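Coordinate inspection notes
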Amino acid sequence: MKLVMVGTGYVGLVSGVCLADFGHEVIGVDVDADKVALLEAGKIPIYEPGLDTLVRRNASAGRLSFSTNLAPALKGADAVFIAVGTPSRRGDGHADLQYVYAAANSVAEAIEESGKDYTVIVTKSTVPVGTGDEIETLLAKRLDRARFDVVSNPEFLREGAAIEDFKRPDRVVVGTKSDRARAVMEAVYRPLNINKTPIVFVERRTSELIKYAANAFLATKITFINEMADLCEAVGANVQDVARGIGLDKRIGGKFLHAGPGYGGSCFPKDTLALTRTANDSNVDLSIVNAVVSANTSRKERMADKVINACGGSVDGLTIGVLGLAFKPNTDDMRDAPSLTIVPRLQKAGASIRAYDPEAMEEAAKHLDDVEFVVSPSDAARGADALVIMTEWDEFRGIDLVDLHTIMNGKVLVDLRNVYSASRAEKVGLTYVGVGC
Ligand SMILES: NC(=O)c1ccc[n+]([C@@H]2O[C@H](COP(=O)([O-])OP(=O)(O)OC[C@H]3O[C@@H](n4cnc5c(N)ncnc54)[C@H](O)[C@@H]3O)[C@@H](O)[C@H]2O)c1
């Protein structure tokens, strides 16, 4: 099949390259000419494990190319996917759909120009219920209704494991009532038949809601265990054991039960907020999701106090080493990372920050002021009064705690991801503060 991916960010690039790896011919189209030039030169603008090899392999096989020009790309295409960003709209927390509608307008224009008889327009971006209807109305202003269908096909991949998630998903969700569009989507995902991946066909509005419901549920699970961590600290219990004790129950499941500094990233914060706004507009009170949003926001703020308390009540004049800045390991994505709340709060309390992240420092430097970025974990720890583990990169699991004790000035280790245990750290003379233990 010939497919077009509008937007070559985290989702568009991974989805496009994986679809090419399935054997389809894919053109990634982006308005960002610098990004397209990088991709054409075989360079990958983001960090995602395995992505560079897969891009090169499919580009050299002639199945994957990039362009800034939608109209020629669309010629002969069976489907065009919209995978542009839907960030929080400034001020009200609704999903900002300006990029989606701009992309849909360009698609309409390109279809009109090309004279194509039929194209499936697939919304892969996470969009609020009813957006597909809006896109349909927008396209119908230019095109005869028989010339297109608008389908919802939300994406569930996780950054850091995105290729595996796309190629071996738990399910694919497709929202459409059109048999013709359904046949096209079945053909797009036919290579997944080999893994017996369930393709869940539903109505378009339901499909749009499934994506938000999934993210809100996962965010709730994380927030729940974070609250249990607070209780564990207050009553002298251990949250990792609680998580294991409940997670082995198949009705609960062990995933997303790792206590930490609060969820961040490019999806959960904006999607939970947007879901509450959709519900408000329909006069439905999503009290659980509302509580999750506010509990997570205040948690990130309280994590700075946790560090300050671990340092004896003040960090004024102290140097704090920070390991990890990205919102999770194996990505350079800094969107809504807890570090963006915690680091400025520590600086405001008088601390100097020296930070290391294996992949996210360039991105972090765009958002954090006055941070000294260093090139190794030991450089972050050397001479520091306290060390904070903010992201659980594998690289930090192998740090020799005896060395750490030797090179640090103070002896406080604040482990916001429970990478180490109190017994291990205390054995070498470090003062250990974890989460929920
Ligand atoms: N990042 C994730 O892990 C993830 C996972 C699942 C779903 N999603 C959803 O996927 C969507 C995309 O997210 P992302 O993280 O890939 O965003 P991103 O910001 O990384 O990428 C968006 C890309 O779209 C391009 N773009 C914007 N307007 C355009 C236009 N009119 N024509 C062509 N290109 C245009 C931008 O230049 C950019 O390269 C969002 O709705 C997001 O919620 C993201």
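Here the structure is a predicted model, which means the values were calculated and not measured.

This brings us to the nonpolar core. Counting 58 residues, the largest nonpolar core has Ile320, Leu346, Ile353, Leu404 and Leu413 as its most contacted members. When residues no more than four places from it in sequence are discounted, the contact partners of Leu413 are Leu387, Ile389, Leu401, Leu404, Tyr420, Ala425, Leu430, Thr431, Tyr432 and Val433. Ranked by size, the runner-up nonpolar core spans 38 residues in total, among them Phe81, Ile163, Val184 and Tyr189.

A few words now on the site of the ligand. If you check the shell around the ligand, you find 25 residues, and the closest are Asp30, Lys35, Thr86, Glu159 and Lys270. Here Lys35 contributes a side-chain N or O atom positioned 2.6 Å from an oxygen atom of the ligand. Thr86 is positioned with one of its side-chain polar atoms (N or O) 2.5 Å from an oxygen atom of the ligand. For the ligand, whose free accessible area comes to 840 Å², the fraction covered by protein is 88%. Counting contributing residues, the shell around the ligand receives three or more from each of domain 1 (2-201) and domain 2 (216-433).

Under the definition given, this model contains 27 salt bridges. A salt bridge links Arg205 to Asp133, with the nearest nitrogen and oxygen atoms 2.9 Å apart. Pair noted here: Arg205 is in helix α9 (residues 204-235) and Asp133 is in helix α6 (residues 131-140), with a separation of 72 residues, a long-range link. Of the charged contacts in the structure, one is a salt bridge between Asp394 and Arg397, with a shortest N-O distance of 3.3 Å. Taken together, the residues span about one helical turn, with Asp394 and Arg397 both in helix α16 (residues 394-397) at a distance of three residues. Through salt bridges with shared partners, one network takes in Asp133, Glu136, Arg145, Asp149, Arg204 and Arg205.

We now examine the environment of Pro377. If you trace the backbone, Pro377 turns up in helix α15 (residues 377-381). Separated by 21 residues in the primary sequence, Pro377 and Tyr356 have C-alpha atoms spaced 6.1 Å apart. Discounting residues that sit within four places of it in the chain, Pro377 has contacts with Leu323, Tyr356, Glu395, Phe396 and Ile399.

Taken in spatial order, the six strands make up an open sheet running β11-β10-β9-β12-β13-β14, and their pairing is parallel. Edge positions in the sheet fall to β11 (371-373) and β14 (431-433), since each has one partner strand and no second. Averaged over all neighbouring strand pairs, the angle between strand axes comes to 20 degrees, with direction disregarded. Of the strands in this sheet, β9 (319-323), β12 (386-389), β13 (412-415) and β14 touch helix α12 (residues 287-310), which is tilted by about 160 degrees from β13. Docked against the sheet, helix α13 (residues 339-348) engages β9, β10 (352-356) and β11, running at close to 150 degrees with respect to β10.

About the cut-offs
Residues numbered from 1 in each chain as written. Predicted model: local features only at pLDDT ≥ 70, side-chain atom pairs only at ≥ 80, totals over all residues. Heavy atoms only, no water. Core = buried A, V, L, I, M, F, W, Y, C linked by side-chain atoms within 4.5 Å. Buried < 20%, exposed > 50% of the residue type's maximum accessible area, 1.4 Å probe, protein only. Contact = heavy atoms within 4.5 Å. Near = heavy atom within 4 Å. Polar contact = N/O pair within 3.5 Å; in protein donor to acceptor, adjacent residues only side chain to side chain. Areas by Shrake-Rupley, 256 points an atom, 1.4 Å probe, with all protein chains shown as cover. Domains from an automatic or database assignment. Salt bridge = Lys/Arg side-chain N within 4 Å of Asp/Glu carboxyl O. Helix = DSSP H or I, 4+ residues; strand = E, 2+ residues; numbered from the N terminus. Pairing = 2+ DSSP bridges. Axes fitted to C-alpha atoms, helices over the stretch in contact; angles between N-to-C directions.

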